[in-house]
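This is what each chain is made of:
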Amino acid sequence: MVQAKSIVTRFAPSPTGFLHIGGARTALFNWLYARRHGGTFRLRIEDTDRQRSTNEAIEALIEGLTWLELGWDGEIVYQFARAQRHAEVAHTLLKQGLAYHCYATAEELEAMREAQKAAGKPVRYDGRWRDRPASDARPNVPPVVRIKAPQTGETVIADKVQGEVRFDNDVLDDFVLLRSDGTPTYMLSVVVDDFDMGITHVIRGDDHLTNAARQRQIIDSMGWPQPVYAHLPLLHGEDGAKLSKRHGALGIHEYEALGYLPEAMRNYLLRLGWSHGDDEVIATEQAIAWFDLEHIGRSPARIDLKKLDNLNGHYLRAADNERLADLLCALRRKKGQHVPGGQQRDLLVRAMNGLKERAKTMVELNDNSSFLFAPRPLSLDEKAAKILSPAARALLAKLAAALAATPWDAAALEAAVRAFAETEGVKLGDAAQPLRAALTGKGTSPPIFDVMAVLGREECLARIADQDGIR
RNA sequence: GCGCCCAUCGUCUAGCGGUCUAGGACGUCGCCCUUUCACGGCGAAAACAGGGGUUCGAGUCCCCUUGGGCGCGCCA
């Protein structure tokens with residue numbers, strides 16, 4: 001056993017768009033792995049593409065991670081700020097003869113690729129400047145720096161998910177390290193940053209698997225240690241198609257607006273590609289204790305919002321009532337709806353047990369709880385209107401009279417209504433449903449006697465009077 | 001085109017040569033509970049892509065086919 005080294009992982013998104021669900025999963029896995037081993041989880045913004053990187057995207061990224069509660073350690077590293085150091089490494093390689101100047105123009109390379117394609121040959125840089133003497137340098141063409149990659153043998157990536165992946169070196173070309181303007185490419189920057197940041201485990205999307213081979217060549221040229229790799233299978237949309245803006249690839253933060261809880265999202269994301277036997281509901285603390293690289297699946301997965309709904313319902317029922325009230329108020333504020341405060345908020349908290357039991361999302365919870373502080377007279381939904389037939393209204397009027405003398409708690413109210421139904425010769429539901437419709441304006445609600453207790457005598461009697469057909 | 005990766009119910013997955021007449025979860029469909037809706041309980045339908053090997057024995061190992069995905073930029 002070698003000396004136990006502290007684990008360092010990183011999440012390294014490029015700020016060219018929002019953080020989608022695939023990126024969020026990558027972040028989660030890195031975070032989990034670091035936490036599992038008491039290591040460090042770093043955040044690095046790969047903003048070397050100056051054209052496409054935006055501050056809005058950086059903010060969205062941070063907002064997304066913050067919502068998911070995936071806190072990173074230390075300062076955020078901005079890759080572009082380290083360009084100087086990256087170039088330095090390229091120059092070191094140049095000096096050692098492990099990289100070289102290439103004066104080929106974009107047009108020449110384009111022509112080269114066209115010719116290769118036409119001839120049915122693999123498309124890759126043909127090494128035309130690899131062995132040319134410095135005297136061939138074109139005075140008016142700023143050169144790029146290319147790595148002098150091995151042309152024989154193979155480059156092997158020992159991947160924790162995919163196993164041992166081998167690439168013949170003759171299919172890997174001499175890729176660009178430094179652009180003609182002297183700025184580093186992604187391939188170089190990643191390697192240098194990972195080394196400088198002491199990254200021990202690179203957990204990222206499968207789309208980087210072939211890059212890993214190229215990156216390994218840089219690492220080997222520099223004589224640096226290899227990180228452990230784990231390339232995660234990509235995520236697909238519900239229809240099996242690639243995740244894209246058109247295919248329901250929402251920014252992770254938008255799931256908040258859809259009414260999901262971050263802990264539910266974490267649990268859902270965790271099970272997308274990772275398993276622990278038959279366990280499904282895995283709280284974050286448990287996930288930290290269990291997470292490993294060995295049980296990451298190798299095949300791509302589709303997202304399934306139905307399962308997220310189910311999980312969300314689970315976490316919703318387990319959530320603290322005060323917290324849910326806060327979340328609900330925030331949601332209503334964002335939607336421009338009336339925000340309950342003071343007594344109304346108390347009402348909400350007291351009703352929460354019954355409410356959260358029957359909601360899968362915060363949006364649903366909001367819809368189901370709005371009757372609590374809706375202005376009188378309540379507007380009736382379709383089902384409620386149907387329930388409140390003239391006969392039902394008449395019954396309601398009698399019931400109201402019977403209720404006037406009842407102590408206002410759920411048990412006493414239930415007993416009173418049951419007794420009422422019996423003397424009237426109707427089923428309990430015949431009395432309870434009109435009651436529900438009058439009190440909530442809906443056909444469904446939490447147990448009606450609980451609702452009555454929460455709403456209070458005065459409000460209940462008033463709402464019944466609004467509907468009892470007596471003008 | 002070249003290279004790489006993947007392949008168990010509709011979906012997420014368990015399975016690491018025999019205990020698989022393939023297990024769990026979501027979803028779907030019944031039934032029960034019940035003042036509505038949920039929750040919960042019980043039950044049902046539902047999968048090893050195809051073909052060759054290896055082996056006494058294959059969902060599990062190898063090969064091919066098919067089907068998906070990713071990569072092949074002076075993008076990341």
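Residues numbered from 1 in each chain as written. Chains lettered and ligands numbered in written order. Predicted model: local features only at pLDDT ≥ 70, side-chain atom pairs only at ≥ 80, totals over all residues. Heavy atoms only, no water.

Next up on the list: the overall build of chain A. Per the secondary structure count, chain A includes 19 helices and twelve strands. Against the 2.2 N^0.38 benchmark of 23 Å for 471 residues, chain A shows a C-alpha radius of gyration of 32 Å, more extended than a compact globule. Projected onto its principal axes, the C-alpha coordinates of chain A cover approximately 105 × 50 × 40 Å. Considering chain A as a whole, with its 471 residues, one finds that 48% of them fall into the buried category. Counted over contacts in chain A with a minimum sequence separation of 6, partners at least 24 positions apart contribute 75%. Surface exposure of chain A reaches about 22600 Å², of which carbon and sulfur atoms provide 51%. Computing the positive centroid from 60 side-chain charges and the negative centroid from 63, chain A places the two 1 Å apart. (Helix = DSSP H or I, 4+ residues; strand = E, 2+ residues; numbered from the N terminus. Rg over C-alpha atoms; globule rule 2.2 N^0.38 Å. Buried < 20%, exposed > 50% of the residue type's maximum accessible area, 1.4 Å probe, protein only. Contact = heavy atoms within 4.5 Å. Areas by Shrake-Rupley, 256 points an atom, 1.4 Å probe, with all protein chains shown as cover. Lys, Arg positive; Asp, Glu negative; His and termini not counted. Charge placed at Lys NZ, Arg CZ, Asp CG, Glu CD.)

Near RNA strand B you find 65 residues, and of these D49, R179, E280, R358 and R436 are the closest. Each atom of RNA strand B within 4 Å of the protein was classed as base or backbone; sugar and phosphate made up 69%. (Near = heavy atom within 4 Å.)

Bringing the packing of helix α8 (residues 262-271) against helix α10 (residues 305-318) into the picture now. The contact between α8 and α10 brings their axes to 9 Å, and the two run at 135°. With respect to α10, the axis of α8 lies oblique. As for the relative orientation of α8 and α10, their crossing is right-handed in sense. Side by side, α8 and α10 meet where E263, A264, M265, N267 and Y268 of the first sit next to K307, L308, L311, N312 and Y315 of the second. (Axes fitted to C-alpha atoms, helices over the stretch in contact; angles between N-to-C directions. Parallel < 35°, antiparallel > 145°, perpendicular 65-115°, else oblique. Left-handed = near helix turned anticlockwise from the far one by under 90°.)

Next up on the list: the pattern of salt bridges. For the structure on display, the rule yields 29 salt bridges. Across the pair E263 and R323 runs a salt bridge whose closest N-O atoms are separated by 2.7 Å. Here E263 is found in helix α8, whereas its partner R323 is found in helix α11 (residues 321-335), with 60 residues between them in sequence. Judged by relative accessible area, which is 29%, R323 ranks as partly exposed. In this structure, E424 and K398 form a salt bridge, with 3.1 Å as the shortest nitrogen-oxygen distance. (Salt bridge = Lys/Arg side-chain N within 4 Å of Asp/Glu carboxyl O.)

Attention now goes to the environment of R350. Topologically, R350 is positioned in helix α12 (residues 342-356). For the pair R350 and L455, spaced 105 residues apart in sequence, the C-alpha separation works out to 9.5 Å. Among all residues touching R350, those that are not within four sequence positions of it are A453 and V454. A polar atom in the side chain of R350 sits 3.3 Å from the backbone oxygen of V454. (Polar contact = N/O pair within 3.5 Å; in protein donor to acceptor, adjacent residues only side chain to side chain.)

Moving on to the sheet that holds strand β8 (residues 176-178). One open sheet accounts for three strands, arranged β4-β5-β8; its pairing is antiparallel. Two strands lie at the open edges of the sheet, namely β4 (99-102) and β8, each paired on one side alone. On average, each strand axis in the sheet is tilted by 45° relative to the strand beside it, whichever way the strands run. Pairing of strand β5 (residues 144-147) with β8, which is carried by two bridges, proceeds in the antiparallel orientation. Its bridge partner lying in β8, V145 is registered against L178. (Pairing = 2+ DSSP bridges.)

Moving on: unusual backbone geometry. P377 follows R376 through a cis peptide bond whose omega is -10°. Looking at the element boundaries, P377 is found in the loop between α13 (362-369) and α14 (382-387). With phi around 65°, E69 is a residue other than glycine that occupies positive phi space. Mapped onto the fold, E69 is located in the loop between α2 (55-68) and β3 (77-78).

Okay, the packing of aromatic side chains next. Two descriptors summarise a pair of aromatic rings, namely the distance from one centre to the other and the angle between the planes of the rings. Tallying each qualifying case throughout the model produces six aromatic pairs. Pairing F29 with F291 gives two aromatic rings, centres 5.1 Å apart and planes at 55°, and the pair type is tilted. Taken together, the residues span a long stretch of sequence, with F29 in helix α1 (residues 21-36) and F291 in the loop between α9 (284-290) and β12 (301-302) at a distance of 262 residues. For F29, a relative accessible area of 0% corresponds to the buried category. Between the aromatic rings of W274 and F291, the centroid separation amounts to 5.5 Å while the plane-to-plane angle is 40°, which identifies the pairing as tilted. Taken together, the residues span a long stretch of sequence, with W274 in the loop between α8 and α9 and F291 in the loop between α9 and β12 at a distance of 17 residues. There is no split in this pair, since W274 and F291 are both buried. Joined through ring pairs, the aromatic side chains of F29, Y33, W274 and F291 make up one cluster. (Phe/Tyr/Trp six-rings, centres within 6.5 Å; stacked < 30°, edge-to-face > 60°.)

Let us look at the confidence of the model for chain A. Here chain A averages 91 in pLDDT, while 96% of its residues score no lower than 70. With a pTM of 0.93, the predicted complex shows an ipTM of 0.94. (pLDDT = per-residue confidence, 0-100.)

Below, the discussion takes up the packing of α1 against α8. Their axes nearest at 10 Å, the elements α1 and α8 cross at an angle of 90°. With respect to α8, the axis of α1 lies roughly perpendicular. On the side of α1, the interface is formed by I21, A24, R25, L28, F29 and L32, while α8 contributes M265, R266, L269 and L270. Looking at the contact of α1 with α8 residue by residue, the class counts come to eight nonpolar, no polar and two charged. (Nonpolar A, V, L, I, M, F, W, Y, C, P; charged D, E, K, R; others polar.)

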